[in-house]
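# Observations on the model geometry
Here is how the chains run, residue by residue.
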Amino acid sequence: MSSNNLDLIDRLRSAVGAAGLVLEKEAKAAYETDWLQKWTGLSSVVVRPANTQETAEVMRICHETHTPVVIQGGNTGMSGGATPDTSGAQVILSMVRMNAIRNVDPLNNTLTAESGVILANIQAAAQEANRYFPLSLGAEGSCTIGGNLATNAGGIAVLRYGNARELVLGLEVVLPDGRIWNGMRALRKDNTGYDLRDLFVGSEGTLGVITAAVLKLHAKPIARATAWVGAESVDALIRLLAQMREVCGERLVAFEMISEESLDLILEHVADVRAPLANSHPFNALIELSDTQEQGLADLLESSLGDALEGGMIQDVVVSQTNGQTQAFWKIREGISQAQVRAGKAVKHDIALPISAIPAFVRGADVAVRKALPGAQIINFGHLGDGNLHYNVLLPLDSSPEAYAATTAKLNRVVHDIVSVANGSISAEHGVGQLRRDELRHYKSEVEFDLMLRIKQSLDPNHIMNPGKLI
Ligand code: FAD
Ligand code: 2HG
Ligand code: ZN
């Protein structure tokens, strides 16, 4: 270790104490590889501040010494945003010790939490106060609210409640130079100038460290009604979605699409799941209604799906009769990421489109991908109600890194070109990270990219925040 590095570590130790540093190679390794084991890097040290002041001191030291910093929450991200590069020069700033829920205010319908709080613990604290925090995703038992905000995470209830950005009122952020911005306003109306909060949401650790947030709570739903539907085409599911939005309004909370190939993959690779319907269908949907009152909810679901079945819009439906059956449906849906990891190497596309443009996208992309890669195994599923598809292509487990990289580049261009022509987005909810950094550069207009660069330059003039990611 160089004397400069020893000096840096001494200074960081004085900022966070010995308990706040991880220096041993083996202990650091857990922070240096992502959840998918797709990216591995090397850090000089892992720093784990216990509060905002310590975080500010760490950033002041890194700013002064031009030391690059990679912020990490639960390390469940899907785009390599929280993994350091291989230089060994980057500091990992892990937020997991900042895990206090500072306040729950049921009258203002808000909850104030530090950024290292696990999402499931926020949901539970809201529940205890007879309220509801609706952000929900497969990684909720290990991801942090800081990571959710930094990636503007989506998940399965965006259709009704919006993504992470729509669930936050105020933020506390440590800036790259160590100053603290206290934007912890618990207000639904605040037009005092530029919206700095929204700048940090979705900035993926490239502009500042989110240390705490004021989150919006909602009324706790006490009733839910859930169904699994089989259909011939994605067009039919989109017509069903439109009809259900008309009839069910705000009570429609989830409308998840799973193609036949995706369902087969889950059934093969996830333990203790079985097909909800007797027959296979090219497309499936998992649909959920919820409400603060029981009355009429199940009838509403049954009658709207009954009409769709009779009219031939869908081919099959099963409405859940018990909590166990509902959980079984969701276990299938949430098994998809694990199934892909077990079955192969996924080329992941996390795209958003106007919902009305999805059928043409799927038809066009299926043909184009199979032309580029004959026999491609397309794993198409996602949050149809939000226009967000995970249009993934699974390569064999034994694909070499070179073959995987070359096929990824080829398929990215094919899929993202079609998305771009349809005015869609190549990064809907997982973040850009290192996975889509070059794709972002390719598709952003000069003007938009220039604006982003100027913001980055003015907040982080020493370029220490998450270098190599997003921008
Ligand atoms: P990390 O992975 O640690 O970090 C993610 C990014 O945020 C990095 O760029 C990091 O530098 C930055 N960051 C982290 N904390 C901070 C902070 N305090 N301040 C500033 N920057 C910070 N995502 C969805 O949107 N929808 C889904 O349905 C969904 N399902 C998933 C299912 C599974 C099984 C898994 C493993 C992941 C899923 N994800 C999903 C990915 C999702 O983005 C993450 O799970 C989560 O939002 C990231 O939180 P994290 O704390 O793990 O962040
Ligand atoms: C989901 O919707 C997640 O399940 C993960 O966003 C998507 O594994 C994926 O590609
Ligand atoms: Zn998703």
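The rules behind each value
- Residues numbered from 1 in each chain as written.
- Chains lettered and ligands numbered in written order.
- Predicted model: local features only at pLDDT ≥ 70, side-chain atom pairs only at ≥ 80, totals over all residues.
- Heavy atoms only, no water.
- UniProt positions renumbered as here; feature names shortened; annotations may be inferred.
- Domains from an automatic or database assignment.
- Axes fitted to C-alpha atoms, helices over the stretch in contact; angles between N-to-C directions.
- Helix = DSSP H or I, 4+ residues; strand = E, 2+ residues; numbered from the N terminus.
- Parallel < 35°, antiparallel > 145°, perpendicular 65-115°, else oblique.
- Left-handed = near helix turned anticlockwise from the far one by under 90°.
- Contact = heavy atoms within 4.5 Å.
- Nonpolar A, V, L, I, M, F, W, Y, C, P; charged D, E, K, R; others polar.
- Near = heavy atom within 4 Å.
- Polar contact = N/O pair within 3.5 Å; in protein donor to acceptor, adjacent residues only side chain to side chain.
- Areas by Shrake-Rupley, 256 points an atom, 1.4 Å probe, with all protein chains shown as cover.
- Buried < 20%, exposed > 50% of the residue type's maximum accessible area, 1.4 Å probe, protein only.
- Pairing = 2+ DSSP bridges.
- Donors = N, O, S within 2.8 Å, 3.2 Å for Na, K, Ca; no water.

As annotated in an unreviewed UniProt entry, the protein carries the name FAD-binding oxidoreductase and comes from Variovorax defluvii. Recorded in UniProt for the protein, the comment headed Sequence similarities (unreviewed entry) runs: "Belongs to the FAD-binding oxidoreductase/transferase type 4 family."

## Notes on the domain arrangement of the protein
Each assigned domain of the protein is listed with its residue range as follows: domain 1 (3-94), domain 2 (101-219), domain 3 (223-321) and domain 4 (344-430). Computed over C-alpha atoms, the centres of domain 1 and domain 3 are 44 Å apart.

## A short note on the packing of helix 8 (residues 234-248) against helix 13 (residues 358-372)
Taken N-terminus to C-terminus, the directions of helix 8 and helix 13 make an angle of 165°; their axes are 9 Å apart at the nearest point. When the axis of helix 8 is compared with that of helix 13, the two are roughly antiparallel. With respect to the hand of their crossing, helix 8 and helix 13 are arranged in right-handed fashion. Across the interface between the two elements, V234, D235 and I238 from helix 8 touch I358, P359, V362 and R363 from helix 13. Considered class by class, the residues forming the contact of helix 8 with helix 13 number 5 nonpolar, no polar and 2 charged.

## Topic: the site of ligand 2
The full set of residues close to ligand 2 is M78, R333, I336, S337, Q340, K348, F381, H383, H390, N392, E429 and H430. Side-chain polar atom of S337 to an oxygen atom of ligand 2: 2.8 Å apart, as the coordinates give it. At a separation of 3.0 Å, an oxygen atom of ligand 2 approaches a polar side-chain atom of E429. When isolated, ligand 2 has an accessible area of 300 Å², and the protein chains bury 87% of it. Of all the secondary-structure elements, those providing two or more residues to the shell around ligand 2 are helix 12 (336-343), strand 18 (377-383) and strand 19 (388-395). With 3 residues, the top contributor of residues to the shell around ligand 2 is helix 12. Considered class by class, the residues forming the shell around ligand 2 number 3 nonpolar, 6 polar and 3 charged.

## Details of the pairing of strand 18
By the criterion of burial, strand 18 is predominantly enclosed, with 6 of the 7 residues buried. Judged from the 7 bridges that link them, strand 18 and strand 19 form a sheet pairing that is antiparallel. Bridge pairing links H383 to N388 in strand 19. Once strand 18 ends, the chain turns through 4 residues before running back antiparallel as strand 19, passing G387 with a positive phi of about 70°.

## Description of the coordination of the zinc ion (ligand 3)
Coordination of the zinc ion (ligand 3) by the protein involves H383 (NE2), H390 (NE2) and E429 (OE), with metal-donor separations of 1.9 to 2.1 Å. Written as a sequence motif, the donor arrangement for the zinc ion (ligand 3) is H-x6-H-x38-E. Per residue, the accessibility class of H383 equals that of H390, and both read buried.

## So, the pairing of strand 3 (residues 69-72)
Every second residue of strand 3 is oriented toward a common face, with V69 and I71 on one face and V70 and Q72 on the other, all of them buried. For strand 3 and strand 4 (residues 90-94), the ladder comprises 4 bridges, and the chain directions are parallel. Bridging from a neighbouring strand, I71 pairs with L93 of strand 4.

## Examining the sheet that holds strand 8 (residues 168-174)
As summarised here, the arrangement of the 5 strands in space is 5-6-10-8-9, forming an open sheet in which the pairing is antiparallel. Strands with a single pairing partner mark the edges of an open sheet, and in this sheet they are strand 5 (101-105) and strand 9 (180-183). Geometrically, the sheet is characterised by an average inter-axis angle of 10° between neighbouring strands, direction not taken into account. In this structure, strand 6 (residues 110-114) lies alongside strand 10 (residues 209-216), joined through 5 bridges in antiparallel fashion. Paired with T110 across the strands is K216, a residue of strand 10.

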